[in-house]
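Single-letter residue listing:
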Amino acid sequence: MLIKPDGMLDRCHIVNFPKVTDFRGNLSFIEESRQIPFQIKRVYYLYDVPSGASRGGHAHRELEQVVIALSGSFDVILDDGTNRHTFFLNRPHYGLYIPAGIWRELENFSSNSVALSLVSQVYDESDYLRDYEDFKRWITNEQIWRETFNHR
Ligand code: TYD
């Protein structure tokens, strides 16, 4: 069977949160039912990331995620097994939606940056693919499954 490029990266996109501009300081808010395409089961955040460190380096079988640069900036490199794209996050009113089946790496953290993640599952190590070659094999099998059952 011919394996076509997956196109999963097309499903990754920036979500724009409302921003209430005020001379006392700006305010943004996130409503699960409006801006987040899944039920939020867990929130976690990365902070005090040393200069030059990278985080992530894994994919998820089921988990969906929105990543927000609550403070500072960093790059999120996304890879669907065929294509790669780097998103630069540097505004707290933008989020990056990452569906399941995407390898991600977070790099180039500015000092004092905070990476907030809203995710669709409680922590479950069995949902992680932490080896890139395992991820490639898994995504290829998923692709065959999708093509066979015409499912996205
Ligand atoms: P890890 O997945 O390596 O972090 P990242 O991918 O964001 O760089 O997680 C680091 C450790 O923290 C690992 O031992 C698992 C643990 N952890 C939890 O216990 N709960 C959580 O919600 C997360 C995200 C990680």
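For the structure, check the block above.
The structure presented is a predicted model; accordingly, all values stated were derived computationally and were not measured.

Side note on unusual backbone geometry
Phi angles above zero are rare outside glycine, and D48 is one such case at about 55 degrees. Within the element layout of this structure, D48 appears in the loop between strand 4 (42-46) and strand 5 (55-60). Of note, the phi angle at N112 is positive, near 65 degrees, even though the residue is not glycine. Structurally, N112 can be placed in the loop between strand 10 (103-107) and strand 11 (114-119).

Digging into the sheet that holds strand 9 (residues 94-98)
Sheet architecture is open: 5 strands sit in the order 1-9-6-11-4, paired in antiparallel fashion. Both edges of this open sheet fall to strand 1 (13-16) and strand 4, since each of them pairs with a single strand only. Looking at each pair of strands side by side, their axes are set apart by 25 degrees on average, direction ignored. With 6 bridges connecting them, strand 6 (residues 65-71) and strand 11 associate as antiparallel partners. Residue pairing across strands places V67 opposite S117, the latter belonging to strand 11.

Structural notes on the site of the ligand
Around the ligand sit R42, Y44, L46, R55, G56, H58, Y123, Y128 and R130, and those are all the residues in its vicinity. At 3.0 Å, a backbone N or O of G56 approaches an oxygen atom of the ligand. Separating an oxygen atom of the ligand from a side-chain N or O atom of H58 is a distance of 3.1 Å. When contributions to the shell around the ligand are tallied by element, the ones reaching two or more residues are strand 4 and strand 5. Looking at the shell around the ligand residue by residue, the class counts come to 4 nonpolar, 2 polar and 3 charged.

What to know about helix 2 (residues 132-149)
Its 18 residues give helix 2 an end-to-end C-alpha distance of 25 Å, which sits within 8% of 26 Å, the value for a rise of 1.5 Å per residue. Here helix 2 has its buried residues at F135, W138, I139, Q143 and R146. Angular distribution of buried residues about the axis of helix 2 spans 145 degrees; they occupy a single face of the element. The elements touched by buried residues of helix 2 are strand 5, strand 7 (74-79), strand 10 and strand 12 (128-129).

Details of the packing of aromatic side chains
Per the stated rule, a full pass over the model turns up 7 aromatic pairs. On the basis of an interplanar angle of 85 degrees and a centroid distance of 5.2 Å, the ring pair of W103 and Y132 is categorised as edge-to-face. Here W103, found in strand 10, pairs with Y132, found in helix 2; they are 29 residues apart in sequence, far enough to count as distant. Y132 gets classed as partly exposed once you look at its relative accessible area, which sits at 26%. Their ring planes at 40 degrees and their centres at 5.7 Å tell us that W103 and F135 sit as a pair that is tilted. You can see W103 sitting in strand 10 and its partner F135 sitting in helix 2, a full 32 residues away along the chain.

The rules we used
Residues numbered from 1 in each chain as written. Predicted model: local features only at pLDDT ≥ 70, side-chain atom pairs only at ≥ 80, totals over all residues. Heavy atoms only, no water. Helix = DSSP H or I, 4+ residues; strand = E, 2+ residues; numbered from the N terminus. Pairing = 2+ DSSP bridges. Axes fitted to C-alpha atoms, helices over the stretch in contact; angles between N-to-C directions. Near = heavy atom within 4 Å. Polar contact = N/O pair within 3.5 Å; in protein donor to acceptor, adjacent residues only side chain to side chain. Nonpolar A, V, L, I, M, F, W, Y, C, P; charged D, E, K, R; others polar. Expected span 1.5 Å × (residues − 1). Buried < 20%, exposed > 50% of the residue type's maximum accessible area, 1.4 Å probe, protein only. Arc of directions from axis to C-beta. Contact = heavy atoms within 4.5 Å. Phe/Tyr/Trp six-rings, centres within 6.5 Å; stacked < 30°, edge-to-face > 60°.

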